[in-house]
Protein chains: 4
Amino acid sequence: MRVTLIRYTPDPELTIAAAARISASPSPVTEHLEKLTAQKADRLLAQLISAGHMSPLEHASFTFSIEGISRVTSHQLVRHRLASYTQQSQRFVSLKNLGFVTPPSIKGKPQLQAQYQQAIRSAFEQYLKLQEAGIPAEDARYLLPSALETHIVMTMNARELIAAAALRLCLKAQWEIIQLFENIKAETRKVAPRIGEELRPKCYKLGYCDEPQSCGLFPTLKDTPKPPKPH
Amino acid sequence: MRVTLIRYTPDPELTIAAAARISASPSPVTEHLEKLTAQKADRLLAQLISAGHMSPLEHASFTFSIEGISRVTSHQLVRHRLASYTQQSQRFVSLKNLGFVTPPSIKGKPQLQAQYQQAIRSAFEQYLKLQEAGIPAEDARYLLPSALETHIVMTMNARELIAAAALRLCLKAQWEIIQLFENIKAETRKVAPRIGEELRPKCYKLGYCDEPQSCGLFPTLKDTPKPPKPH
Amino acid sequence: MRVTLIRYTPDPELTIAAAARISASPSPVTEHLEKLTAQKADRLLAQLISAGHMSPLEHASFTFSIEGISRVTSHQLVRHRLASYTQQSQRFVSLKNLGFVTPPSIKGKPQLQAQYQQAIRSAFEQYLKLQEAGIPAEDARYLLPSALETHIVMTMNARELIAAAALRLCLKAQWEIIQLFENIKAETRKVAPRIGEELRPKCYKLGYCDEPQSCGLFPTLKDTPKPPKPH
Amino acid sequence: MRVTLIRYTPDPELTIAAAARISASPSPVTEHLEKLTAQKADRLLAQLISAGHMSPLEHASFTFSIEGISRVTSHQLVRHRLASYTQQSQRFVSLKNLGFVTPPSIKGKPQLQAQYQQAIRSAFEQYLKLQEAGIPAEDARYLLPSALETHIVMTMNARELIAAAALRLCLKAQWEIIQLFENIKAETRKVAPRIGEELRPKCYKLGYCDEPQSCGLFPTLKDTPKPPKPH
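All values derive from a computational prediction rather than experimental measurement.

Draft legend 1. Layout of the overall build of chain A. Assigned secondary structure in chain A consists of eleven helices and four strands. On C-alpha atoms alone, chain A measures out to a radius of gyration of 22 Å, which is more than a quarter above the 17 Å that the 2.2 N^0.38 rule sets for 231 residues. By principal-axis analysis of the C-alpha atoms, chain A measures approximately 70 × 45 × 25 Å. Looking at the 231 residues of chain A, the share that counts as buried comes to 61%. The contacts of chain A with a sequence gap of at least 6 include a subset with a gap of at least 24, amounting to 70%. Once the 29 positive and 21 negative side-chain charges of chain A are each reduced to a mean point, those two points are 5 Å apart.

Draft legend 2. Seen up close, the pairing of strand E4 (residues 149–157) of chain D. Residue and element names in this part refer to chain D. Of all nine residues in E4, eight are buried; the element is thus mostly enclosed. Sheet topology note: the strand E2 (residues 61–70)/E4 ladder contains nine bridges and is antiparallel. Counterpart to Ser70 in the pairing with E4 is Glu149.

Draft legend 3. Inspection of the relation of the copies chain B and chain A at higher detail. The transform that puts chain B on chain A rotates by 180° and translates by 0.0 Å along the axis, for an RMSD of 0.0 Å. Accordingly, the operation relating the two chain copies is best matched by a two-fold axis. Residue B:Pro145 of chain B places its C-alpha closer to the rotation axis than any other residue of that unit, at 2.1 Å. The residues that chain B uses at the interface reappear at the interface of chain A in 100% of cases, marking a shared surface.

Draft legend 4. Main features of the state of the cysteines. All told, the structure shown has zero disulfides over all chains when counted by the stated rule. Free of any disulfide, A:Cys170 has its nearest neighbouring cysteine sulfur in A:Cys209, separated by 6.5 Å. Free of any disulfide, C:Cys209 has its nearest cysteine sulfur in C:Cys215, 6.4 Å distant.

Draft legend 5. How the structure looks around the sheet that holds strand E1 (residues 2–8) of chain D. Residues and elements named next belong to chain D. An order of E1-E2-E4-E3 is seen for the four strands of this open sheet, with the pairing classed as antiparallel. Of all the strands in the sheet, just E1 and strand E3 (84–87) have a single pairing partner and so form its edges. Here the average twist between neighbouring strands, direction ignored, is 20°.

Draft legend 6. Summary view of the side chain of A:Arg71. Counting through the fold element by element, A:Arg71 comes out in helix H4 (residues 71–77). Once residues lying within four places of it in the same chain are set aside, the contact partners of A:Arg71 are A:Gln87, A:Gln88, A:Gln90, A:Ser146, A:Leu148, A:Thr150 and B:His75.

Draft legend 7. Highlighting the environment of A:Ala165. Residue and element names in this part refer to chain A. Examined against the element boundaries, Ala165 turns out to sit in helix H8 (residues 158–168). The exposure class of Ala165 is buried, given its relative accessible area of 0%. For the pair Ala165 and Phe181, spaced 16 residues apart in the sequence, the C-alpha separation amounts to 6.4 Å. In this structure Ala165 touches Cys170, Phe181, Leu199, Arg200 and Pro201, once residues within four positions along its chain are discounted.

Draft legend 8. Examining the sheet that holds strand E4 (residues 149–157) of chain C more closely. All names here are of chain C. Pairing is antiparallel across the open sheet formed by four strands, whose spatial order is E1-E2-E4-E3. Strands with a single pairing partner mark the edges of an open sheet, and in this sheet they are strand E1 (2–8) and strand E3 (84–87). Sheet twist, expressed as the average angle between the axes of neighbouring strands with direction ignored, equals 20°. Two strands pair when backbone bridges link them, and E1 and strand E2 (residues 61–70) are joined in this way by six bridges, in the antiparallel orientation. Looking at E2, one finds that Leu5 is bridged to Phe64. Running over the sheet, helix H8 (residues 158–168) touches E2 and E4 and is turned about 125° from E4.

Draft legend 9. The pattern of salt bridges, seen in detail. All told, the structure shown has 44 salt bridges over all chains when counted by the stated rule. One salt bridge connects A:Arg194 with A:Asp42, and the closest N-O pair in it is separated by 3.1 Å. With A:Arg194 in helix H10 (residues 193–198) and A:Asp42 in helix H3 (residues 38–50), this residue pair connects regions lying 152 residues apart in the sequence. A salt bridge links D:Glu197 to D:Arg189; the nearest nitrogen and oxygen atoms lie 3.1 Å apart. For D:Glu197, a relative accessible area of 36% gives the class partly exposed.

Draft legend 10. Spatial organisation of the interface of chain B and chain A. Contacts between the two partners involve 45 residues from chain B and, on the opposite side, 45 residues from chain A. Those elements giving two or more residues to the side of chain B that touches chain A turn out to be helix H4 (71–77), strand E3 (84–87), helix H5 (104–107), helix H6 (110–132), helix H7 (137–140) and helix H9 (175–191) of chain B. Ranked by residues supplied to the side of chain B that touches chain A, first place goes to H6(B) with seven residues. Its residues placed into classes, the side of chain B that touches chain A shows 22 nonpolar, 13 polar and ten charged.

Rules behind the numbers
Residues numbered from 1 in each chain as written. Chains lettered and ligands numbered in written order. Predicted model: local features only at pLDDT ≥ 70, side-chain atom pairs only at ≥ 80, totals over all residues. Heavy atoms only, no water. Helix = DSSP H or I, 4+ residues; strand = E, 2+ residues; numbered from the N terminus. Rg over C-alpha atoms; globule rule 2.2 N^0.38 Å. Buried < 20%, exposed > 50% of the residue type's maximum accessible area, 1.4 Å probe, protein only. Contact = heavy atoms within 4.5 Å. Lys, Arg positive; Asp, Glu negative; His and termini not counted. Charge placed at Lys NZ, Arg CZ, Asp CG, Glu CD. Pairing = 2+ DSSP bridges. Least-squares fit on C-alpha atoms with pLDDT ≥ 70 in both. Disulfide = S-S within 2.5 Å. Axes fitted to C-alpha atoms, helices over the stretch in contact; angles between N-to-C directions. Salt bridge = Lys/Arg side-chain N within 4 Å of Asp/Glu carboxyl O. Nonpolar A, V, L, I, M, F, W, Y, C, P; charged D, E, K, R; others polar.

Fair warning: the whole summary comes from geometry, so function is off the table for now.
Here it is, written out as structure tokens:
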């Protein structure tokens, strides 16, 4: 898996902070862009996120090249609908080389891993043979296993990055999409430290685990010492 | 493939027409719902669609049970983001029985079809063996071919049904998703004849084919006798 | 203000529960629709919401006729983008009668209220006069105050109703939109008691107030006795 | 009205073209970004738009500062839901200075314009008086006319810019929002000439006018010499 931030809104955190400022100010955003310091922008961003005032975070977008994830994970990823995707098509690209993902649970076990590789290679050979026999790539690919690598370009704004990471960095998510969002977080952090910091499991915002069982990071609500009650 | 319309907004076309009426009327929608006849609603709907005033068509939603499509097609389907999906999970459901889709290009050829079936059965056996060896279903499924059948529940409003069908009933789409939208059209038509009628390739709205090459239904713009020009 | 639920997905809670079931079951939704009891559906819905698994709640839609709200409030309402709106147009409808909203802070004070009404009547008279002088309604309306009543048809699914109510039933919201969502809640509750119940301020989910200052319903995080920490 | 493009995805057209390339290529987007020339990117963009393959155009975002539009127009603008907005709030900003928009139909006529200005000034004075009497700004603003100027920050991707302009540059739209989109087009054009060029009324794509009556730019379908028919 290789994740590269290829494009983003310049000065993403300053842009968000300046946009947020106009809602309670008579001055237009162009003035706020000039006056705001990086430090003030960072503090304002922290306040917005802490109070759940998330809409200004939509003004900064991030475009990632995501290479070498399985189609298992690309299928999960594109379910986040408030984002834009362009994916390598198995309809139009007839694969020549076999790249595939191996789950860690299989990697450590030589015999299982050999079986796994053999099964994938065998499926891939049949895919090639069908094409040699005149079947179009778009139909031959019905044989291809979900493990096969794909490339995808994804654009997501900061608000949705935070919302998606809240679900996908939760340990209830699958290992490959967790790894994907860890890479996204690392890339984002380089150019937007505060936003990168906020890419974390949903329990951090809630202060408790809302899943049926906790991974241990935060207790579930029923295990929280004094669950707050409405007055 | 089995497509069943399981739920929809009652009186979908009347609802849309009554909602549309309020934009140019002092009366609230409740009055229009009482006064409108089915015939007037049908005429109004035809006018809205013909003039591209599509937003009132969002007030009627349709929920389909889609059973027995391949994961090739479910992957294409969920790319329509203005809709809601719940899909059978291969993470949590360990498949016991093998249901899979065979492309028509393979179906007619006994030898190829035998190879195809054998490849899928073999992959499925390896999937079961990995689980017997203690690999969780969510990882074993990396071996599963895209041909495997899945179930999905989809809710889409009338506007998005028309927009999605415009792309997916075009003969440039793949045979399986064309077939899916033909089934969606047949189901929709039963309860909303005008909307069902409007589920058709994009060339009907354009009056020409905007793809690089035409299937013959409409000519491309360069083959249109007198391409209209702005005055 | 008058809010009427005019259409909704039949059996909304059963539909959501049956859709949710398919993600972890080999059976299609049609079977779950038959097997589920109202009681089981209610329990399943409660679990989904409590665990934040909200996507199945998109399969039930609710269409409201909203009459007699000010344009202040319709402007706030349409900012919820995951919903569908058709609004009475001031471009095409030349208002004949003057309906307007008076804030409670003004209502109790006879002198202020008289000034308020006079100001609105005076603006409305100028609006009529401009039209008599040949100015089109769409331009004359630039004079119309935000207090003027409007009608709107809104369709929102259960997930977005819960998300919007979380913000708009918070006491930090303005009185008129709070009142609007209280009406929406009352209407929803009649046909979907569990969903109606879940239309409430965001602090109920969080277990604390994330605004800078609490209204007293829940304490802010810094006033919570033992704020849970990650292990 | 003042419209300023304050931020955008760097190299917007190259980014879109490179993303589009991966769907039919084995190479990842990072390679296409290196290899593509501006000229090739322009040609590819033209092909994508002409064939209606619009999704790659979502990878480039544009953030505008929009200052001094009326609330009539901001209300129309925010109805485009596939975009992000932050608007100056009349709840939290108590207006000190009176800025307002005058429609051209009124501007040329001294007497009408005097009445118009007087009506707005009078409403504004009442707004100030209510606040002096202790009414909060959020309630006093119910008196404010729609002509009052507002500031808004808007982020929209290239695909939605084209879709919104198709509607808002049609002469059936109101003069102020037409003017707004002409400004948006002029700003976009400076950094993305091809996209800027494509911001134009919907009739250019259709090749005919789909409104009940044509402005003369393109004939309606019934006035088109040989309306193409499906074979």
